[in-house]
Amino acid sequence: MAMMFAGPFLKFQNRPLLLLNVLERKFIIVGMVFWPQDLNLFALLMLSFVLFIVLFTVLFGRVWCGWACPQTIFLEMLFRKVEYLIDGDAQQQKRLVAQEWNTEKIAKRVLKHTIFWLLSFLIANTFLGYIIGIDELKLLVIDGPMQHLGKFAALIIFTTVFYFVFAKMRELVCIFICPYGRLQGLMLDKNSMVVAYDFVRGEPRGKLKKLEEEKPKGDCIDCKLCVNVCPTGIDIRNGTQLECINCTACIDACNEVMVKVDRPEGLIRIASINNINLGTKFSWNLRTGAYGVVLVALFGVFLYLLVTRKLVETTLLRTPGMMFQTQEEGKISNLYNIEFVNKTFDELPIELKLIKPANGEIRFVDGQQIMVHKESVGKSSFFLVLEESSIKRNSSEVEIEVWSNGKLIEEMKSKFNAPVHKKEKDEHKGDDEHEHERMKGGKHEN
Ligand code: SF4
Ligand code: SF4
């Protein structure tokens, strides 16, 4: 939670450590800028992340849900703590719900929900900080909401959604909405380590008094504390269930009971069904091994693409809808659009060098020098001008090198379209006629 709230303020090389600007489609992760052109990297990273969670779920159940999911962390570490401070423990809360509406109940409800709403507002601002950056967020705060009504309205809508999730819906999100929870049944097997009740040791269960009278009984004294502390309200003694978010609250509660009744801890513990039933230890099987291999392969490809990714990307296209232009005496041109994505944090002066055809000339529509600003997209247009007499084909190949600060960035290829010079055409026509005659002669000879 501390990392989450501190995140927008953390900088790396004077840039945000993590910026997920979906509005401008720009992402900064540990000082590296990613653009929509890096979608392949993003897709690979997401696939690796999903597979990592699947592998972890197969091995350790819903560890993510209980220990890393922001929904659980905010709910258990923030909202429930506030609720316990104001409304008291579970029994006191039940009494408060049943109690008539009086000054005490109204005061507690108003205080609790005001704090809930303010916390939701803080969380919504934190998320906004990750999206637009903390510097931009500070400017919005300084300017005041009236100057940025659209953004303020979005902030209030998100605050209300967070409030509704944390104050009202709570674990219903985990049970009914979260797709990961619904997929749990597909991922777990009898070797998965989950929060499990040791039924071999615990059954037959029975109250402590009866236990003393009618021995032997299992270790479970049926106190139902594990059920009472469960945030999703399930009885883990009925087996692994979709609703279990692996928070381990039942383990702590049961261990306390076991200590009190002088029995070994671990009646509810992290274990696999095979471990409880057959006493087998954890081991990798074909499925987990295959997930592991695919995960390493995916992440390896991601790292390779990350290391070899270009920091400046160039796209060169002939301007659509235009064939060629007749320039001053005896010259023909084609118009091209060129686009640069500068993923670096430096200004890049761009220079184009015509490699093929060597006798052509590049003329920029809006000046000679292209300057692509840091973390941005630069666009320009230029004419490639050739002597009409040098044009030998209707469509010939063009090669252009892109240089910046004395470094070759990219080699681009395109086409130059123009009518062949008349003289050239006549010469070729002469050749063609000669060839035609020769063919005819050949035919005759035959
Ligand atoms: S209390 Fe136990 S059964 Fe309930 S969600 Fe947490 S780990 Fe699962
Ligand atoms: S807390 Fe332990 S002893 Fe009590 S009911 Fe649950 S499993 Fe049985």
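All of the points below concern the structure found in this document. (Residues numbered from 1 in each chain as written. Chains lettered and ligands numbered in written order. Predicted model: local features only at pLDDT ≥ 70, side-chain atom pairs only at ≥ 80, totals over all residues.)

**Description of the environment of alanine 167**
- For alanine 167, the location among the structural elements is in helix α8 (residues 149–169).
- In this structure alanine 167 comes out as partly exposed when scored by C-beta crowding, with 18 C-beta atoms within 10 Å.
- Remark: the alpha-carbon pair of alanine 167 and phenylalanine 52, spanning 115 residues in sequence, is separated by 31 Å. (Helix = DSSP H or I, 4+ residues; strand = E, 2+ residues; numbered from the N terminus. Buried ≥ 20, exposed ≤ 12 C-beta atoms within 10 Å, placed from the backbone.)

**What to know about the site of ligand 2**
- In the vicinity of ligand 2 lie 15 residues, with Cys220, Cys223, Leu225, Cys226 and Cys254 positioned nearest.
- If you list the elements that add at least two residues to the shell around ligand 2, you get α13 (225–229) and α14 (249–260).
- Examining the composition of the shell around ligand 2, we find that three residues originate from one element, α14, more than from any other.
- Among the residues making up the shell around ligand 2, the classes are represented as 11 nonpolar, one polar and three charged. (Near = placed C-beta within 6 Å. Nonpolar A, V, L, I, M, F, W, Y, C, P; charged D, E, K, R; others polar.)

**Side note on the site of ligand 1**
- Around ligand 1 sit 14 residues, and of these Cys230, Ile236, Cys244, Cys247 and Cys250 come closest.
- Its residues assigned to classes, the shell around ligand 1 shows 11 nonpolar, three polar and no charged.

**Some points on the sheet that holds strand β5 (residues 32–34)**
- If you trace the three strands from one edge of the open sheet to the other, you get β3-β4-β5, paired in antiparallel fashion. What marks the edges here is a single partner per strand, and that holds for β3 (18–21) and β5. Adjacent strand axes in the sheet meet at a mean angle of 20°, parallel and antiparallel pairs treated alike.
- Sheet topology note: the strand β4 (residues 26–29)/β5 ladder contains three bridges and is antiparallel. Paired with phenylalanine 27 across the two strands is phenylalanine 34, which belongs to β5. (Pairing = 2+ DSSP bridges. Axes fitted to C-alpha atoms, helices over the stretch in contact; angles between N-to-C directions.)

**Examining α8**
- Its 21 residues give α8 an end-to-end C-alpha distance of 28 Å, which sits within 8% of 30 Å, the value for a rise of 1.5 Å per residue.
- Looking at the buried positions of α8, the neighbouring elements they touch are α4 (70–87) and α6 (103–132).
- Of the residues one or two after α8, arginine 170 is the one with positive phi, at around 50°. (Expected span 1.5 Å × (residues − 1). Contact = placed C-beta atoms within 7 Å.)

**Digging into the sheet that holds strand β16 (residues 407–417)**
- Spatially, the four strands line up as an open sheet ordered β13-β11-β15-β16, and their pairing is antiparallel. With partners counted over all chains shown, the strands left at the sheet margins are β13 (370–372) and β16, one partner each. Direction aside, the axes of adjacent strands within the sheet are offset by 35° on average.
- Where strand β15 (residues 395–404) and β16 come together, 10 bridges link them in antiparallel fashion. Bridging from a neighbouring strand, serine 395 pairs with asparagine 417 of β16.

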